[in-house]
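# Examination of the molecular architecture
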Amino acid sequence: MSDPIVMMKQEVGKAAAARVKSDSIVGLGTGSTTAYAIQYIGERLQSGELKNIVGVTTSFQAEVLARKYNIPLSTLDVVDRIDIAIDGADEVDPQKNLIKGGGAAHTQEKIVDSLAEQFIVVVDGGKLVDKLGSTFLLPVEVIPKAVVPVMRKLEQLGGKPELRMGVKKAGPVVTDQGNLVIDVKFDSIDDPATLEKTINNIPGVLENGLFVGVTDVVLVGEIIDNKPVVREI
Ligand code: 5RP
């Protein structure tokens, strides 16, 4: 059997891509699950099943994939709406609030996803949590000069901050905007809406990975009887 996580991601990506209608402007998220949605949107365009789609990307990764699968692209300067956005998440709570930013793309993701008429989140079952912050650190994008004072403020808020370091790259992760990411461990995020605003109010913070009240639909990939199935929340 292939890797069950990969199977869940593929199935959920396909289910989200199937919800895209012709003549629409589509927000294209970031991450390994959304990558399958982008692939399937491209395949539906190629087969003629889908017509007249324009993508608006949330990262350099999404842009590269969209070009690979021949999805025409535009930007927020040009389009007047986003009909549907598809994006992954690192944690999803029962109110459909999210932690995002595992790929350091949460700033552009929040802009595009929150503009969408319908925002669909694609995850595997392991991302569902009772409370945000249970399994994943909260990513905060910070202007490089402000890293030290922002870390101090995050500690005062009860967090344990660490600068995200690159893999196969010496030094810290640099975002698509040229900033750095601080990952913060909070023992418990009881009020995500307040924490989202409080962190964004620290001078030097560009955006944090709490997405509160943005999600319309969550598609969850699960393996049942050795087969991948998709459940909608
Ligand atoms: C990137 C994100 C991703 O959507 C999130 O990390 C989920 O990624 P994956 O589908 O690879 O698990 O927020 O900033």
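Scoring rules and cut-offs
Residue positions within a chain follow its written sequence, with the count starting from 1. Predicted model: local features are reported for residues with pLDDT of at least 70 only, side-chain atom pairs are reported and counted for 80 or more only, and whole-chain, interface and lining totals are derived from all residues. Heavy atoms throughout the structure, all of them, feed into the side-chain values; hydrogens and water do not. UniProt positions are given in the numbering used here, feature names are shortened, and annotations may be inferred rather than shown by experiment. Classification of ring pairs rests on two measures: the distance between centres of Phe, Tyr or Trp rings, Trp counted by its six-membered ring, which must be within 6.5 Å, and the angle between planes, read as stacked under 30 degrees, edge-to-face over 60 and tilted in between. For a ring to carry a charge above it, either NZ of a lysine or CZ of an arginine must fall within 6 Å of the ring centroid while also lying within 35 degrees of the normal to the ring plane. By convention a nonpolar core is built from buried Ala, Val, Leu, Ile, Met, Phe, Trp, Tyr and Cys residues, the set being connected through side-chain atoms within 4.5 Å. Think of it in three bands: with a 1.4 Å probe and only protein chains considered, a residue is buried below 20% of the maximum accessible area for its type, exposed above 50%, and partly exposed in between. Strands are runs of DSSP state E lasting at least two residues, helices are runs of H or I lasting at least four, and both sets are numbered from the N terminus onward. Note on contacts: a residue pair qualifies if any of its non-hydrogen atoms lie within 4.5 Å across the two residues. When at least one non-hydrogen atom of a residue lies within 4 Å of a molecule or strand, that residue is treated as near it. The term polar contact refers here to a pair of N or O atoms within 3.5 Å; inside protein, the definition further demands a hydrogen-donor-capable atom paired with an acceptor-capable atom, and it admits residues adjacent in sequence only when both atoms are side-chain atoms. Surface exposure here means Shrake-Rupley accessible area, sampled with a 1.4 Å probe, where a residue is shielded only by the protein chains that are shown. Following the grouping adopted for this structure description, the nonpolar residues are Ala, Val, Leu, Ile, Met, Phe, Trp, Tyr, Cys and Pro, the charged ones are Asp, Glu, Lys and Arg, and the polar ones are all others, Gly among them. For two strands to pair, DSSP has to find at least two bridges joining them. For helices, the fitted line uses only the C-alpha atoms of the stretch in contact; every axis is such a line through C-alpha atoms, and the angle between N-to-C directions lies from 0 to 180 degrees. An automatic or database domain assignment provides the domain bounds reported here. Once two parts are joined, some of their accessible surface, as seen by a 1.4 Å probe, is lost; buried area is that loss totalled over both. The rule for a salt bridge is simple: a side-chain nitrogen of Lys or Arg has to be within 4 Å of a carboxyl oxygen of Asp or Glu.

An unreviewed UniProt entry lists the chain under the name Ribose-5-phosphate isomerase A, with Crocosphaera subtropica as the source organism. Per UniProt, the chain has the following entry under Sequence similarities (unreviewed entry): "Belongs to the ribose 5-phosphate isomerase family."

The next subject is the packing of aromatic side chains. If you walk through the whole model with that rule in mind, you get zero aromatic pairs. One Lys or Arg, K100, reaches over the ring of F211 and ends 5.6 Å from the middle of that ring.

Within the largest apolar cluster, 26 residues are counted, with the highest numbers of intra-cluster contacts made by V20, I41, I53 and I71. Listing elements by their share of this core, those giving two or more residues are α1 (4–17), β1 (25–28), α2 (32–47), α3 (60–68), β3 (82–87), β6 (116–124) and β12 (217–224). If one sorts the elements of this core by residue count, α2 sits on top with seven residues. Those residues in contact with I53, other than ones at most four positions away along the chain, are V20, K21, S22, D23, S24, V26, I41, L45, I71 and P72. Counting residues in hydrophobic clusters, the runner-up holds 21 residues, among them V129, V147, M151 and I182.

Attention now moves to the site of the ligand. Taken together, 18 residues form the shell around the ligand, and within it T30, S32, T33, D90 and K127 come nearest. K100 places a side-chain nitrogen or oxygen 2.9 Å from an oxygen atom of the ligand. Between the ligand and the protein, one listed contact pairs an oxygen atom with a backbone N or O atom of A105 at 3.1 Å. Contact with the protein chains covers 91% of the free accessible surface of the ligand, which is 380 Å². Grouping the constituent residues of the shell around the ligand by class yields three nonpolar, nine polar and six charged.

The subject of this paragraph is the UniProt feature "active site" (unreviewed entry) in the chain. Under the local residue numbering, the UniProt record ascribes the feature "active site" (unreviewed entry) to E109. Assignment of secondary structure puts E109 in helix α4 (residues 106–115). Among the polar contacts listed, one links the side chain of E109 to the side chain of K100, at a separation of 3.1 Å.

The next subject is the sheet that holds strand β2 (residues 54–57). One open sheet holds the six strands; their spatial order is β2-β1-β3-β6-β12-β13, and the pairing between them is mixed. Each of the sheet's edge strands pairs with one partner strand only, and the pair in question is β2 and β13 (227–232). Put simply, the sheet's adjacent strands are angled 25° from each other on average, direction ignored. As paired elements, β1 and β2 share four bridges and run parallel to each other.

Let's shift gears to the sheet that holds strand β11 (residues 210–211). Strands pair in a sheet through their backbones, by hydrogen bonds, and they do so in one of two ways: parallel or antiparallel. One open sheet accounts for three strands, arranged β4-β5-β11; its pairing is antiparallel. Here the strands that pair on one side only, and so sit at the sheet edges, are β4 (91–92) and β11. Pairing of β4 with strand β5 (residues 98–99) involves two bridges; the strand directions are antiparallel. Across the sheet, residue E91 finds its bridge partner in β5, namely I99.

Moving on: the domain arrangement of the chain. Partitioning the chain into structural domains gives domain 1 (4–127 + 213–232) and domain 2 (138–206). Between the C-alpha centres of domain 1 and domain 2 the distance comes to 25 Å. Taken together, the contact pairs twelve residues of domain 1 with 14 residues of domain 2. Together, the buried faces of domain 1 and domain 2 total about 910 Å²; carbon and sulfur atoms form 51% of this surface. Looking at the side of domain 1 facing domain 2, the largest losses of area belong to A104, H106 and T107, adding up to 44% of the total buried there. Summed over the shared surface of domain 1 and domain 2, the number is one salt bridge. Of the charged contacts, one joins K110 and E196 as a salt bridge, the two residues approaching to 2.6 Å between their closest N and O atoms. Linking domain 1 to domain 2 there are seven residue pairs in polar contact (both at pLDDT 80 or more). Counting residues per element, the side of domain 1 that touches domain 2 draws most heavily on α4, at four residues.

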